[in-house]
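# Observations on the three-dimensional arrangement
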Amino acid sequence: SCPPRCVCASNILSCSQAALSVVPSPLPRFAAVLDLSHNNITRLRADWAPGRLAHLHALLLSHNGLSFVSTEAFAHVPHLRHLDLSSNRLRALEENLFSDLAELEVLLLYNNEISAVDRTAFENLGRLRKLYLGQNRIARFPLELLRDGSRLPQLALLDLSANRLRGVPVGELQALPAWLRDRLYLHGNPLACDCPLFQLVARGRRRRLSAVVDFQEDLQCWLPGASAAVGILALAGRQPLNCSEAREAVLEAHLGDSVTLSCDTRLQGVRSRHWVTPGGERVLEEAGNGSAALLANGSLQLRALRPEDTGTYACSVAGPLLNETLYVELLVHNFTLHGPHDTLNTAYTTLVGCILSVVLVLIYLYLTPCRCCCCRGTDKP
């Protein structure tokens, strides 16, 4: 049942470097891994698989010159978890291209010619954890993939390196969950220099994130009118931006609490300041969105905390010479301060009472003297 020019070992089917121009047939229905890399398969049609391959969990199609993938190409492999389409000639990701792959976890699309990404291309990928889009021609940051967290809820790594990005929405990136915000690869892009970008990268260096530390030399940006790129981390105190590193604080609270986030800047002669919430909303004046209020001293007051108030709050301060951003990480525990704690105290008190009762019973049984023996001894002649 093994196709010609392929090697079959148990449930692994290897057809790599076999000079194939089409997918071989027949394909064993029990195949779990199918390696078609390093061939000449330029088009992947809807009928490339003659039937449903229910056991297939890894499909490798890298280095094929692949320029066309049908939107129905993956209907026969619903349990695919690893898909490698890297090093091909794909130019666009069409509408609902991967929507049949609800169990996909790793998607490799690096080293293609992708310049257009449809908003629905990654629809229904609820289990996707790693998405590699590096070395393409993407000029616009696909923020819609990340904004509400519902489209790719499990995404933990996003590689957008070596593309054509000139700007990234730093303020909204700060609102992303930490596991994704800290594994976002942006090196090798012609980014425009600004202080929020510097602070984003400096924060990664301070936390020793691999996305910054491992690619520090490739994290560059362009100043207006400059003839060459400069290192993003070299912007500290450099004209004309005079950027300074952001400072961070962590604050914990409970549901229903009211907290005040301090914007304790070191700058003198502050001209303006504003806060950005984890949802990307700017708070510029008192009242804000109803639960957030900007105080006269520049602090942000949050009332009646909700679970969705958890996240990173940024206070941007503009001074006469320098600009500064301060970040406050707010953790809202999903219980009230007096609810579960009272329950815990009651349970603890009950447990201590039970242990004490057992100890008293044991003392009564084993340490109390026997009066019968004493009486019997006094009656002896």
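Residues numbered from 1 in each chain as written. Predicted model: local features only at pLDDT ≥ 70, side-chain atom pairs only at ≥ 80, totals over all residues. Heavy atoms only, no water.

Attention now goes to the confidence of the model for the chain. Here the chain averages 83 in pLDDT, while 81% of its residues score no lower than 70. Here residues 338–344 scores under 50 on pLDDT; set against residues more than four positions off or in separate chains, the count is four contacts. (pLDDT = per-residue confidence, 0-100. Contact = heavy atoms within 4.5 Å.)

Another point: the pairing of strand 19 (residues 272–276). For strand 19 and strand 23 (residues 311–318), the ladder comprises five bridges, and the chain directions are antiparallel. Across the sheet, the residue bridging to serine 272 is alanine 318, located in strand 23. Sheet analysis places strand 19 next to strand 20 (residues 282–283), joined by two bridges and oriented antiparallel. When the bridges of strand 20 are listed, valine 276 appears paired with arginine 282. Here strand 19 hands over to strand 20 after five residues, with glycine 280 in that stretch at a positive phi of 85 degrees. (Pairing = 2+ DSSP bridges. Helix = DSSP H or I, 4+ residues; strand = E, 2+ residues; numbered from the N terminus.)

Once that is clear, we can look at the sheet that holds strand 16 (residues 230–231). Strands sit in the order 14-15-16 across an open sheet of three strands; the sheet is mixed. Both outer strands of the open sheet, strand 14 (191–192) and strand 16, are each paired with one neighbouring strand and no more.

Let us look at helix 3 (residues 195–206). In this model, helix 3 (twelve residues) spans 16 Å end to end at C-alpha, consistent with the 16 Å of a helix rising 1.5 Å per residue. Among the twelve residues of helix 3, nine are classified as buried, and the element is accordingly described as predominantly covered. Those residues of helix 3 lying buried are Cys195, Leu197, Phe198, Gln199, Leu200, Val201, Ala202, Arg203 and Gly204. Where helix 3 begins, the side chain of aspartate 194 points an oxygen toward the backbone nitrogen of leucine 197, at a separation of 2.9 Å. Positive backbone phi, at 60 degrees, marks arginine 208, one or two positions downstream of helix 3. (Expected span 1.5 Å × (residues − 1). Buried < 20%, exposed > 50% of the residue type's maximum accessible area, 1.4 Å probe, protein only. Polar contact = N/O pair within 3.5 Å; in protein donor to acceptor, adjacent residues only side chain to side chain.)

Moving on, we come to the state of the cysteines. In total, this model carries four disulfides according to the counting rule given. Here cysteine 193 engages in a disulfide with cysteine 221; their sulfurs sit 2.0 Å apart. In this structure, the disulfide formed by cysteine 193 and cysteine 221 twists by about 95 degrees around the S-S bond and is classed as right-handed. Note that cysteine 193 is positioned in the loop between strand 14 and helix 3 and cysteine 221 in strand 15 (residues 220–222), a separation of 28 residues in sequence. For cysteine 221, a relative accessible area of 0% corresponds to the buried category. Cysteine 195 shares a disulfide with cysteine 243; S-S distance 2.1 Å. (Disulfide = S-S within 2.5 Å.)

A surface patch of nonpolar side chains, amounting to about 280 Å² of accessible area, comprises Leu356, Leu360 and Ile363. Inspection of the secondary structure assignment puts leucine 360 in helix 5 (residues 339–367). (Patch = residues over 30% accessible without salt bridge, like charges linked within 9 Å, V, L, I, M, F, W, Y side chains within 5 Å. Areas by Shrake-Rupley, 256 points an atom, 1.4 Å probe, with all protein chains shown as cover. Salt bridge = Lys/Arg side-chain N within 4 Å of Asp/Glu carboxyl O.)

A separate point is empty space enclosed by the protein. Overall, the coordinates contain one cavity of 30 Å³ or more when judged by the stated rule. Of the volumes computed, that of the largest cavity is approximately 200 Å³. Surrounding the largest cavity, 17 residues form its lining, Arg181, Leu184, Leu186, Leu200 and Val212 being those nearest its centre. Secondary structure elements with two or more residues in the lining of the largest cavity: strand 13 (184–185), helix 3 and helix 4 (210–213). Of all the elements, helix 3 adds the most residues to the lining of the largest cavity, at five residues. (1 Å grid on protein atoms, 1.4 Å probe; cavity = no way out; pocket = protein on both sides within 12 Å on 5 of 7 lines; lining within 4 Å. Points joined across faces, edges and corners; volume = space filled by probe spheres on them.)

Put simply, serine 25 and proline 26 share a cis peptide bond, and its omega is -5 degrees. One can find proline 26 in the loop between strand 2 (12–14) and strand 3 (33–35). Located in the positive-phi region is glutamine 17, a residue other than glycine, with phi close to 55 degrees. Tracing the backbone through its elements, the reader meets glutamine 17 in the loop between strand 2 and strand 3. Accessibility expressed as a relative area gives 64% for glutamine 17, which makes it exposed. In this structure, asparagine 96 takes a positive phi of about 55 degrees despite not being glycine. With respect to the helices, strands and loops of the structure, asparagine 96 is situated in the loop between strand 8 (92–93) and strand 9 (106–108). Under the relative-accessibility criterion, asparagine 96 is labelled partly exposed at 27%.

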